[in-house]
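One-letter residues, chain by chain:
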Amino acid sequence: MLITIEIPYFVKEIMNLIESHGFEIYLVGGCIRDSILGNVSYDWDLITNALPNTLLDIFKKNEDALSIIDSGITFGTIGIYSKKHNCIVEITTYRAEDSYVDSRKPSEVRFISNVRDDLKRRDFSINALICKMTRFNNTNKSNNRISVTMELEDYHNGMRDIRLKIIKSIGDAHKRFKEDALRILRAIRFCATLDNFHIERHTRVAMFMLSSNLAKLSMERINAELCKIITSKNAGNILIQYQSIIKLIFPLLDSLSLKQYYANCNAISESKLDLEIRLAILLYSENIHIQKCRDSLTNLRFKKSIVDSVTNILLLKDKNINDKIDVKLMLSKNSEDNVLKMLFVKFAFSKDYTPIQIFMDIMENKECYKISHLNISGHDIKHALTESKNNHLIGEILKDILHDIIYEKYNNDRNILLQKIDEKIK
């Protein structure tokens, strides 16, 4: 069947170049699925019968205009990056895979000539669609993309499963997940990120039966999928449906009671699509020590900046927030970003937007909540001090004045503050 999809112009150029050398070349996988669903795709994968070294020879002639990434060449994959188009394309030679090691990588890869045999090794039917360009190309470019009519080939009922919104393994689900345990998390991720998709029953059963194999995966691989799951629109429901698998890769969550886990997942459904906010919500509990949160996130290979942010947010979770004074007190001792994210965490549970609005008003009105905002400085206090006074009073006086302003005892007016300096020195 023919379909019309929008692809980066650079992808069209790559396909034309490989075809001009007499080889087959197809778009494959997620980019086709996303285009059919009307979603924007950022991953562009191609498959070909050209061998990896042949591909290198083809693209080395154009190295001035692009960069070649050959780190995956052992498995038949090279990446082509165009700085001009800010686009990367992965090209893989048709291949068959023998036995797998560590539930992740094939022990041997054989390059083959038949595209249908290549598709048999792929994970899910919705990712096994392939397209090749036809003579019906539209050459009108817009935003570095081009609308192209392509011939779609579907050997595993991928179009049917997209229509029915089913995530289904190709062939024997147990075999697919034994080959590569990461596919278990990928299935959960697709269920979380694709609107109203569900996992087919036999595929789902195999996922739970083989979930212990996730222990063989690197934490970096797990982290990449977990981040996409947590920040998806359907994260709350998915974290509940697949909680036993999620807790296998995130064992600290076992410390939560079932009631608390459900409450946290439901709150995630009400929250912003922000990784740090959602991690803080997921770990929101009186029973989990902050250091355990830090250790768990570190073990899961989250960046230090994310670990620091999430733990700092959780340190604020017990602070009372009733009015502007409470918000300013939090701001006086914490970063604006962490305070705002904690307010969004609290909103996810309470549905009360008032504290966030107070925060926004403080920012918009440029109100005073830090010593650096005061219309005086340490030099003003030092100038007012007599030699008999100790300079350590400078910091104490600044803190006292900020405290008074936060509690609205007087305004941040320079003349008033200079008067208050004299009063506090006396």
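Our subject is the structure that appears above.
### Brief notes about the overall build of the chain
Line of reasoning, step 1. A count of helical and extended segments in the chain gives 21 helices and 14 strands.
Line of reasoning, step 2. Rg of the C-alpha trace for the chain: 29 Å, well past the compact-globule value of 22 Å for 426 residues, more than 25% over.
Line of reasoning, step 3. In terms of principal-axis extent, the alpha carbons of the chain reach across some 90 × 50 × 35 Å.
Line of reasoning, step 4. Here the chain, with 426 residues, has 49% of them falling under the buried criterion.

### Notes on the nonpolar core
Line of reasoning, step 1. If you look at the biggest cluster of nonpolar residues, it comprises 112 residues, and the most contacted ones within it are L27, F59, I91, F250 and F302.
Line of reasoning, step 2. The element contributing the most residues to this core is helix 7 (residues 182-193), with eight residues.
Line of reasoning, step 3. Contact partners of I91, with chain neighbours within four places excluded, come to I14, I18, I25, L46, T48, L55, F59, G76, T77, I78 and I80.
Line of reasoning, step 4. Among the nonpolar cores identified, the runner-up in size contains 17 residues, and C368, I397, L402 and I421 belong to it.

### Considerations on the packing of aromatic side chains
Working definition: an aromatic ring pair is given by the centre-to-centre distance plus the angle between the planes.
Line of reasoning, step 1. Applying the stated rule across the entire model yields five aromatic pairs.
Line of reasoning, step 2. Here a set of aromatic residues connected by ring pairs shows up, and it is made of F124, F177 and F190.
Line of reasoning, step 3. We note K317 situated over the ring of Y284; from NZ or CZ to the ring centre the distance is 5.8 Å.

### Observations concerning the environment of A96
Line of reasoning, step 1. With respect to the secondary-structure elements, A96 resides in strand 7 (residues 95-97).
Line of reasoning, step 2. Through-space distance from the C-alpha of A96 to that of S113 is 9.9 Å; in sequence the pair is 17 residues apart.
Line of reasoning, step 3. Among residues more than four places away in sequence, those in contact with A96 are E108, V109, R110 and I112.

### Regarding the pairing of strand 12 (residues 145-153)
Line of reasoning, step 1. The buried fraction of strand 12 is high, at seven of nine residues.
Line of reasoning, step 2. Strand direction decides the pairing type here: strand 1 (residues 2-8) and strand 12, joined by seven bridges, are antiparallel. Along strand 12, the bridge assignment pairs I5 with V148.

### Here's the deal with unusual backbone geometry
Line of reasoning, step 1. Residue K351 is not a glycine yet carries a positive backbone phi of 65°.
Line of reasoning, step 2. On the secondary structure map, K351 appears in the loop between helix 17 (336-350) and helix 18 (354-364).
Line of reasoning, step 3. A positive phi angle, close to 50°, is found at K366, a residue other than glycine.
Line of reasoning, step 4. Secondary-structure assignment places K366 in the loop between helix 18 and helix 19 (378-384).

### Thoughts on the pairing of strand 6 (residues 87-93)
Line of reasoning, step 1. Of all seven residues making up strand 6, five are buried, and the element is well covered by its neighbours.
Line of reasoning, step 2. For strand 3 (residues 44-48) and strand 6, the ladder comprises five bridges, and the chain directions are parallel. Bridging across to strand 6, T48 finds its partner in T93.
Line of reasoning, step 3. The hairpin formed by strand 5 (residues 77-82) and strand 6 contains four residues between the paired strands, and N86 there has a positive phi angle of roughly 50°.

### Quick look at the environment of H174
Line of reasoning, step 1. Looking at the element boundaries, H174 is found in helix 6 (residues 173-179).
Line of reasoning, step 2. Classification of H174 by relative accessible area gives partly exposed; the value is 26%.
Line of reasoning, step 3. Considering only alpha carbons, one finds H174 and F250, 76 residues apart in sequence, at a separation of 23 Å.
Line of reasoning, step 4. Discounting residues that sit within four places of it in the chain, H174 has contacts with A206, M209 and L210.

### Some words on the packing of helix 1 (residues 9-20) against helix 3 (residues 52-60)
Line of reasoning, step 1. Closest axis-to-axis distance for the helix 1/helix 3 pair is 11 Å, and the angle between their directions is 115°. On the basis of their axis angle, the class for helix 1 and helix 3 is roughly perpendicular. Here helix 1 and helix 3 pass one another in a crossing that is right-handed. Between helix 1 and helix 3, the contacting residues are I14, L17 and I18 on the first element and L55, I58 and F59 on the second.

### Quick notes on helix 13 (residues 275-282)
Line of reasoning, step 1. For helix 13, the buried fraction is high: eight of the eight residues fall into the buried class.
Line of reasoning, step 2. Taken residue by residue, helix 13 has L275, E276, I277, R278, L279, A280, I281 and L282 as its buried positions.
Line of reasoning, step 3. On the buried face of helix 13, the contacting elements are helix 9 (219-230), helix 10 (235-241), helix 12 (258-269), helix 14 (290-299), helix 15 (304-315) and helix 17.
Line of reasoning, step 4. Residue D274 occupies the N-cap position of helix 13, its side-chain oxygen lying 3.0 Å from the main-chain nitrogen of E276.

### Examining the pattern of salt bridges
Line of reasoning, step 1. Tallying each qualifying case throughout the model produces 24 salt bridges.
Line of reasoning, step 2. Residue D318 pairs with K317 through a salt bridge whose shortest N-O separation is 3.4 Å.
Line of reasoning, step 3. Residue D404 pairs with K424 through a salt bridge whose shortest N-O separation is 3.2 Å. Of the two residues, D404 sits in helix 20 (residues 393-406) while K424 sits in helix 21 (residues 414-425), which places them 20 residues apart along the sequence.
Line of reasoning, step 4. In the salt-bridge network here, residues are joined through shared partners; they are D274, E276, D337 and K341.

### Describing the side chain of S232
Line of reasoning, step 1. Structurally, S232 can be placed in the loop between helix 9 and helix 10.
Line of reasoning, step 2. The class of S232 is buried, set by a relative accessible area of 4%.
Line of reasoning, step 3. In terms of polar contacts, S232 uses its side chain to reach the backbone carbonyl oxygen of A192, at 3.5 Å.

### Some words on the environment of I69
Line of reasoning, step 1. Within the secondary structure, I69 is located in strand 4 (residues 67-69).
Line of reasoning, step 2. Accessibility expressed as a relative area gives 36% for I69, which makes it partly exposed.
Line of reasoning, step 3. Between the alpha carbons of I69 and Y81 there is a distance of 7.7 Å; along the sequence they are twelve residues apart.

### Section: helix 8 (residues 201-209)
Line of reasoning, step 1. Of all the positions in helix 8, only T203, A206 and M207 are classed as buried. For helix 8, the angular spread of buried residues about the axis comes to 105°, placing them on one side. Exposed side of helix 8, more than 90 degrees from the buried face: R201 and M209 are the residues found there.
Line of reasoning, step 2. Where the residues of helix 8 are buried, they touch strand 13 (166-167), helix 6, helix 7, strand 14 (198-199) and helix 11 (243-249).
Line of reasoning, step 3. For helix 8, the N-terminal cap is E200; the gap from its side-chain oxygen to the backbone nitrogen of H202 is 3.2 Å.

Each value, and the rule that gives it
- Residues numbered from 1 in each chain as written.
- Predicted model: local features only at pLDDT ≥ 70, side-chain atom pairs only at ≥ 80, totals over all residues.
- Heavy atoms only, no water.
- Helix = DSSP H or I, 4+ residues; strand = E, 2+ residues; numbered from the N terminus.
- Rg over C-alpha atoms; globule rule 2.2 N^0.38 Å.
- Buried < 20%, exposed > 50% of the residue type's maximum accessible area, 1.4 Å probe, protein only.
- Core = buried A, V, L, I, M, F, W, Y, C linked by side-chain atoms within 4.5 Å.
- Contact = heavy atoms within 4.5 Å.
- Phe/Tyr/Trp six-rings, centres within 6.5 Å; stacked < 30°, edge-to-face > 60°.
- Lys NZ or Arg CZ within 6 Å of the ring centre and 35° of its normal.
- Pairing = 2+ DSSP bridges.
- Axes fitted to C-alpha atoms, helices over the stretch in contact; angles between N-to-C directions.
- Parallel < 35°, antiparallel > 145°, perpendicular 65-115°, else oblique.
- Left-handed = near helix turned anticlockwise from the far one by under 90°.
- Polar contact = N/O pair within 3.5 Å; in protein donor to acceptor, adjacent residues only side chain to side chain.
- Salt bridge = Lys/Arg side-chain N within 4 Å of Asp/Glu carboxyl O.
- Arc of directions from axis to C-beta.

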